[in-house]
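Single-letter residue listing:
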Amino acid sequence: MNTILVTGSRGQIGSDLVVALRSRYGAEQVIESVRKVAPHLEGNSLPYEVLDVTDKQRLQEIVEQYRISTIYHLAGLLSATGEQNPELCWNANVNGLRNVLEVAQSYGIRVFWPSSIAVFGPHTPKLDTPQITIEDPSTMYGITKVTGELLCHDYAHRFGVDVRSLRLPGIISYSTPPGGGTTDFAVEIFYAALKYGTYTCFVRPETRLPMMYMPDAIKAILDLMEADSVSIKVRSSYNIAAVSFSAEELVAQIQKYLPEFTCYYAPDFRQAIADSWPCAIDDSKARADWGWKHRYDLSAIVADMLAKLDERMMRAGEDSRVCRQSLFLTNHGGTEYSEEEEERNELSCSLPRGFVDRY
Ligand code: AKB
């Protein structure tokens, strides 16, 4: 029986991943864990635990209690918050991962851990960034991801831990806003476009970064974790890619639906982080080893994001500026989730934390 623990389960990826895992393996088989109990989790009939991943003893107790066989270890800080709190970033990202790998070794657990394009730095080739290349990150977040990759490689080869990882790009999603990343602008912009018709972007218009739509990210994680062990040739972390676009290209695509939408640019400290990352990475190894293939290009992402957010705003009784009819007619998207799953994933259309203050 596959019993799964998801750490950081209420983050941007965790929120969607838990829904997908529960639909695949059964609701009771997936145990969520969060660092602090949130009011909406109390009274939740599905299993969840409070876990600070730096507490190895508590992690071990949960693993024993539920006889966990797979851990999706998502708890950790992102690049922008990591720069503002480097000590916490190191502690949560590196010591947390090490605890997971230690426990995985003791109990024979399969592990998924997200690395990031943040492992790359100013001397890394910016276009078609190869699987094996210079890794000279200029952020604490990137340093923790390089360290994490080395730990994964070591625990896999030295102790036989079945750990699998992806170097994720910026993830665009409508269920839960991201918290504290450099690529967050590519999500915030949708909320702002619909609600206010204007957005102030914290990177320059020509800033081009690798991105992926959440349904593709969930598919990549599930495909990787279900692949035959012998096909997983990279145990540090796989390059993975879908689309690459600049901030101004994203704006232009949104303007096709919302012609009056205006974007202003006020680059802040996150510009330097974005400038240190690649524009587009080569993921041919993932495509060859375990058959990775993305589905959503920029136009499909924008159509689906606007339709889904607009629908949520409508359900929440909020106004959006979309011409509903034209949006739905051109919605080529559709996600992997059924209506029923979406209903279960009752996440509101609230704006990202701290986001409203800027308006
Ligand atoms: C971030 O911006 O920090 C993340 C990432 C690319 O790892 N989205």
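Residues numbered from 1 in each chain as written. Predicted model: local features only at pLDDT ≥ 70, side-chain atom pairs only at ≥ 80, totals over all residues.

### Considering the overall build of the protein chain
When helices and strands are counted, the protein chain shows 13 helices and 14 strands. Here the protein chain holds 359 residues, and the buried ones make up 48% of them. Look at the contacts in the protein chain between residues 6 or more apart in sequence, and 78% of them connect residues 24 or more apart. (Helix = DSSP H or I, 4+ residues; strand = E, 2+ residues; numbered from the N terminus. Buried ≥ 20, exposed ≤ 12 C-beta atoms within 10 Å, placed from the backbone. Contact = placed C-beta atoms within 7 Å.)

### Details of helix α1 (residues 12-25)
Helix length check: α1 (14 residues) gives 21 Å between terminal C-alpha atoms against 20 Å at 1.5 Å per residue, within 8%. Most of α1 is tucked away: 11 of the 14 residues are buried. Considered for burial, the residues of α1 that qualify are Gln12, Ile13, Gly14, Ser15, Asp16, Leu17, Val18, Val19, Ala20, Leu21 and Arg22. (Expected span 1.5 Å × (residues − 1).)

### Focus: the packing of helix α6 (residues 185-195) against helix α8 (residues 247-255)
Angle between the axes and distance between the axes: these two values describe a pair of packed helices. One way to put it is that α6 packs onto α8 with a least axis distance of 11 Å and a crossing angle of 30°. Judged by the angle between their axes, α6 and α8 are roughly parallel. Crossing handedness for the pair α6 and α8: right-handed. Along the contact surface, α6 presents Phe185, Ala186, Ile189 and Ala193, while α8 presents Ala247, Leu250 and Ile254. (Axes fitted to C-alpha atoms, helices over the stretch in contact; angles between N-to-C directions. Parallel < 35°, antiparallel > 145°, perpendicular 65-115°, else oblique. Left-handed = near helix turned anticlockwise from the far one by under 90°.)

### Looking at the site of the ligand
Taken together, Leu78, Ser79, Ser116, Ile117, Ala118, Tyr141, Leu168, Pro169, Gly170, Gly181, Thr182 and Thr183 are the residues near the ligand. Considered class by class, the residues forming the shell around the ligand number six nonpolar, six polar and no charged. (Near = placed C-beta within 6 Å. Nonpolar A, V, L, I, M, F, W, Y, C, P; charged D, E, K, R; others polar.)

### Some thoughts on the confidence of the model for the protein chain
Per-residue confidence for the protein chain gives a mean pLDDT of 89, with 89% of residues at or over 70. The low-confidence segment residues 323-359 (pLDDT under 50) makes 48 contacts with residues lying over four places distant or belonging to another chain. (pLDDT = per-residue confidence, 0-100.)

### Some points on the pairing of strand β4 (residues 70-73)
Covered by surrounding structure in β4 are Thr70 and Tyr72 together with Ile71 and His73, the residues of both alternating faces. Summarising the sheet, strand β1 (residues 4-7) and β4 pair through four bridges and their orientation is parallel. Bridge pairing links Leu5 to Ile71 in β4. (Pairing = 2+ DSSP bridges.)

### As for the sheet that holds β4
Taken together, seven strands build an open sheet; the order of strands is β3-β2-β1-β4-β5-β7-β11 and the sheet is parallel. Each having just a single partner strand, β3 (48-50) and β11 (238-239) make up the two edges of the open sheet. Most of the contacts of helix α7 (residues 214-226) go to strand β7 (residues 163-168), to which it runs at about 155°, and overall it touches β5 (110-116) and β7.

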